[in-house]
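Now for the letters of each chain:
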Amino acid sequence: MRLSADQKRFYAENGYLAVEGVFPPGHVAGLVQRFEELCQDWQGEAARRVGAMQEPEVVRGQAGVATTDQTVRSMSRIAAHEPLFHAHATDSGFVDLVADLIGAPISLYVDQAMLKPPHYGSEKPPHQDNAYFKIQPDDAVITCWGALDDATVENGCMHYFPGSHRWGVVEHEKIPDTPHLVPKGGDLKAAVAVPIRAGGVIFHHGLTLHTSPPNRSDRWRRAYICHYVRSDAEMNALRPDSPPLLKVR
Ligand SMILES: O=C(O)CCC(=O)C(=O)O
């Protein structure tokens, strides 16, 4: 599969592009099963290696439920430890689509899972990824948001601010007592919901503002997210002692 001229134009104009059916159902089922195993043993060694974190409100005792396998919120740097996720991040058909949008050579900058549990999945406040990554040029970084469940408005699908990748880096401020950065001021009501089925991927530019609402439904909304960078870019937030990035093309 390669992207059409229309798809590339849509990405250039809007700063995001949803592509259905990038990964087959068997691949998605394998990732979901492994996430379920990691969540079941969320305090175990394998889950610790991939930085399994619980929903903050549940941890703070504000949700009225205990921390369980049903309240795990996120994991990070999974491809380095888990073969199925490594296979996803390096899949050549998938990387072809990334190359269509940012060119090559390409490395995996970082990968993460955002697992919005039923009922307790929290909002992801609006932000630009490159406000964190500080990669130059800005268009050398792309986020590939892989849906592992059908993502809908009800279970907290991604929402984008079309064209915001042309606004430059918007000044962000920290939400007190959280790791989140959010834009200072601005009209944040203009976001467009982008539902997508399991197996689809949403590609977004490093400067596109995005957010996702809470999951109040009784279904999971799990995503495996790969952030790629063109290997010749300047990576200003990488620590000097960071391990070498995984080259994917
Ligand atoms: O999965 C979400 O709800 C947020 C994901 C996100 O912020 C990202 O992919 O950069």
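The structure under discussion appears in the preceding block.
Keep in mind that what you see is a predicted model, and the values were worked out from it rather than measured.

Colleague: Would you explain the pairing of strand β14 (residues 221-230) in this entry?
Modeller: Along any regular strand the residues' side chains alternate between the sheet's two faces. A large share of β14 lies buried, amounting to 10 of its 10 residues. Residues of β14 alternate between two faces, with Arg221, Ala223, Ile225, His227 and Val229 on one and Arg222, Tyr224, Cys226, Tyr228 and Arg230 on the opposite face, all of them buried. Bridge count between strand β4 (residues 106-116) and β14: 10 bridges; the pairing is antiparallel. Bridging from a neighbouring strand, Ile106 pairs with Arg230 of β14. When strand β7 (residues 141-147) meets β14, the two strands line up antiparallel, connected through 7 bridges. Looking at the pairing, Gly146 lines up with Tyr224 of β14.

Colleague: Would you take a moment to explain the side chain of Arg222 for this structure?
Modeller: Within the secondary structure layout, Arg222 lies in strand β14. One polar contact links Arg222 to Glu36, side chain to side chain, over a distance of 3.5 Å. Residues in contact with Arg222, not counting those within four places in the same chain, are Val32, Glu36, Met114, Leu115, Gly146, Ala147, Leu148 and Asp149.

Colleague: Just to check I follow, could you spell out empty space enclosed by the protein for this structure?
Modeller: Space left empty within the atom packing is revealed by a probe, the size of a water molecule, rolled over the atoms. A full pass over the atoms with the stated rule returns 1 cavity of 30 Å³ or more. As a volume, the largest cavity reaches approximately 30 Å³. Phe23, His27, Val28, Leu31, His88, Gly146, Ala147, Leu148, Gly199, Gly200 and Val201 together form the lining of the largest cavity. Of all the secondary-structure elements, those providing two or more residues to the lining of the largest cavity are α2 (25-40) and β7. Counted by class, the lining of the largest cavity contains 6 nonpolar, 5 polar and no charged residues.

Colleague: It is not clear to me how the nonpolar core should be interpreted in this structure. Could you clarify?
Modeller: Proteins that are soluble and globular tend to have nonpolar side chains buried together. With 40 residues, the main nonpolar core has Met75, Phe94, Phe203 and Tyr228 as its most contacted residues. When near neighbours in sequence (up to four residues on either side) are disregarded, Met75 contacts Phe35, Leu38, Cys39, Val50, Gly51, Ala52, Gln112, Ala113 and Leu115.

Colleague: What exactly am I supposed to notice about the pattern of salt bridges here?
Modeller: If charged atoms from side chains of opposite charge come close, those side chains can pair. Taken as a whole and judged by the stated rule, the model has 13 salt bridges. Note that Arg34 is salt-bridged to Glu82, the shortest N-O span being 2.6 Å. In this pair, Arg34 sits in helix α2 while Glu82 sits in the loop between β3 (72-76) and α5 (83-90), placing the two residues 48 residues apart along the sequence. Accessibility expressed as a relative area gives 6% for Glu82, which makes it buried. Measuring nitrogen to oxygen at the nearest pair gives 3.1 Å for the salt bridge that ties Asp241 to Arg239. When sorted by exposure, Asp241 lands in the same class as Arg239, which is exposed. Overlapping salt bridges bring together Arg2, Asp96, Asp100 and Arg249 as one network.

Procedures and definitions
Residue indices follow the written sequence of each chain, beginning from 1 at its first position. This being a predicted model, a pLDDT of at least 70 is required before a residue's local features are given, and a value of 80 or more before pairs of side-chain atoms are given or counted; all residues contribute to the totals for chains, interfaces and linings. Side-chain measures here rest on the full set of heavy atoms in the structure, leaving out hydrogens and waters. Relative accessibility under 20% of the residue-type maximum defines a buried residue, over 50% an exposed one, and the middle range a partly exposed one, all with a 1.4 Å probe and only protein chains included. Where helices and strands are cited, they refer to DSSP runs of H or I of at least four residues and of E of at least two residues respectively, numbered from the N terminus. Strand pairing is assigned whenever DSSP detects at least two bridges linking the two strands. Polar contacts, as counted here, are pairs of nitrogen or oxygen atoms within 3.5 Å of one another; within protein the pair requires one atom able to donate a hydrogen and one able to accept it, and residues that are adjacent in sequence qualify only if both atoms are side-chain atoms. Here a residue-residue contact requires only that any non-hydrogen atoms of the pair lie within 4.5 Å. Both site types are read off a 1 Å grid over the protein atoms alone. A 1.4 Å probe that fits but cannot get out defines a cavity, while an open set with protein on both sides within 12 Å along at least five of seven lines defines a pocket; lining residues have an atom within 4 Å of a point. Grid points are joined across faces, edges and corners, and a volume is the space filled by probe spheres set on the points. Gly is put with the polar residues, along with every residue not named as nonpolar or charged; the nonpolar set is Ala, Val, Leu, Ile, Met, Phe, Trp, Tyr, Cys and Pro, and the charged set is Asp, Glu, Lys and Arg. What we call a nonpolar core is a set of buried Ala, Val, Leu, Ile, Met, Phe, Trp, Tyr and Cys residues that are connected through their side-chain atoms within 4.5 Å. Salt bridge, as applied in this entry: a Lys or Arg side-chain nitrogen positioned within 4 Å of an Asp or Glu carboxyl oxygen.

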